[in-house]
Amino acid sequence: MHRGDMLALMTLVLTACGGGGGGGPAVQPSTTLRLGVADAEIGTGANEAELVVRLTTVPTVAPTLLEVAIELPSALVLPATGRLAAATGLTNLDGDFVGNRFVVLCGDAQNANATSLQPGDLFRLRVQPASPRVPGTYTVRFLNLRGASRDGTATVDADTTPITATVVVR
């Protein structure tokens, strides 16, 4: 599936309004969808580093698909190829630039019986120093986290507070 198609599919899944019926009170999840990202260092002899993105908590209605936008400082770039690598079995893992943000979609957007995402490592994002290389400490921001459940719930309760990872360039 093409990146544009995946992002369009995610938009449809996240905006799905679900079926009719019901009328009872909504069930509140016990926790929210949250990500964590490990800091990284690009040593003097290295040209890149990987930021490991993990799912730290999931709500009662766990997502099967999630989307997160990533803002890079001007001192860091993504390589032309091999930007993303799955850290676990993911049916879909794709990313592309939308404006000045790199938007990642991961999970399962294809199967009706999709497996819910579980806490743990999800994917690795490879970053490189921009040219010319400027040593320093830089902050990568992860924001606009959204998730969708298997039943098409429009949104999964997600912590929308931006999280950050520090990348040290030597």
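Parameters at a glance
Residues numbered from 1 in each chain as written. Predicted model: local features only at pLDDT ≥ 70, side-chain atom pairs only at ≥ 80, totals over all residues. Heavy atoms only, no water. Helix = DSSP H or I, 4+ residues; strand = E, 2+ residues; numbered from the N terminus. Buried < 20%, exposed > 50% of the residue type's maximum accessible area, 1.4 Å probe, protein only. Contact = heavy atoms within 4.5 Å. Pairing = 2+ DSSP bridges. Core = buried A, V, L, I, M, F, W, Y, C linked by side-chain atoms within 4.5 Å. pLDDT = per-residue confidence, 0-100.

What to know about the overall build of the protein chain
Moving on, step 1. Looking only at helices and strands, the protein chain has one helix and 11 strands in total.
Moving on, step 2. Mapped in sequence order, the helices and strands of the protein chain form the string α-β-β-β-β-β-β-β-β-β-β-β.
Moving on, step 3. Taken across its 170 residues, the protein chain has 41% of its residues classed as buried.
Moving on, step 4. Put simply, 76% of the contacts in the protein chain that link residues at least 6 apart link residues at least 24 apart.

Description of the pairing of strand β4 (residues 65–71)
Moving on, step 1. Counting buried positions along β4 yields seven of seven residues, so the element is predominantly enclosed.
Moving on, step 2. Here β4 shows a buried face lined by L65, E67, A69 and E71 and a second buried face lined by L66, V68 and I70.
Moving on, step 3. With six bridges joining them, β4 and strand β8 (residues 101–107) adopt antiparallel strand pairing. Residue V68 lies in a different strand from β8, and its bridge partner there is V104.
Moving on, step 4. Where β4 and strand β10 (residues 136–148) come together, six bridges link them in antiparallel fashion. When the sheet's bridge partners are listed, L65 is paired in β10 with A148.

Focus on the nonpolar core
Moving on, step 1. In this structure, L51, L122 and F142 are the most contacted members of the largest nonpolar core, which totals 34 residues.
Moving on, step 2. Counting residues per element, the ones that place at least two in this core are β1 (34–37), β2 (40–42), β3 (49–57), β4, β8, β9 (120–129), β10 and β11 (163–169).
Moving on, step 3. Look past the residues within four positions of F142 in its chain and what remains in contact with it is V37, L51, V53, V68, A69, I70, L125, P162, I163 and A165.

Side note on unusual backbone geometry
Where the residue is not glycine, phi is negative for most of them; where a peptide bond is considered, it is trans in most cases.
Moving on, step 1. The omega torsion across S131 and P132 is 5°, close enough to zero to call that bond cis.
Moving on, step 2. The phi torsion at N144 lies on the positive side, around 60°, for a residue other than glycine.
Moving on, step 3. Among the structural elements, N144 can be located in strand β10.

A short note on the confidence of the model for the protein chain
Moving on, step 1. On average, residues of the protein chain score 85 in pLDDT, and 80% of them reach the 70 mark or higher.
Moving on, step 2. Within the model, the stretch residues 5–29 combines pLDDT values under 50 with 33 contacts to residues more than four positions away or in other chains.

Here we look at the side chain of S149
Moving on, step 1. The residue S149 is located in the loop between β10 and β11 in this model.
Moving on, step 2. Using a relative accessible area of 5% as the deciding quantity, one classes S149 as buried.
Moving on, step 3. Apart from the residues lying within four places of it in its own chain, the contact partners of S149 are V61, A62, P63, T64 and V156.

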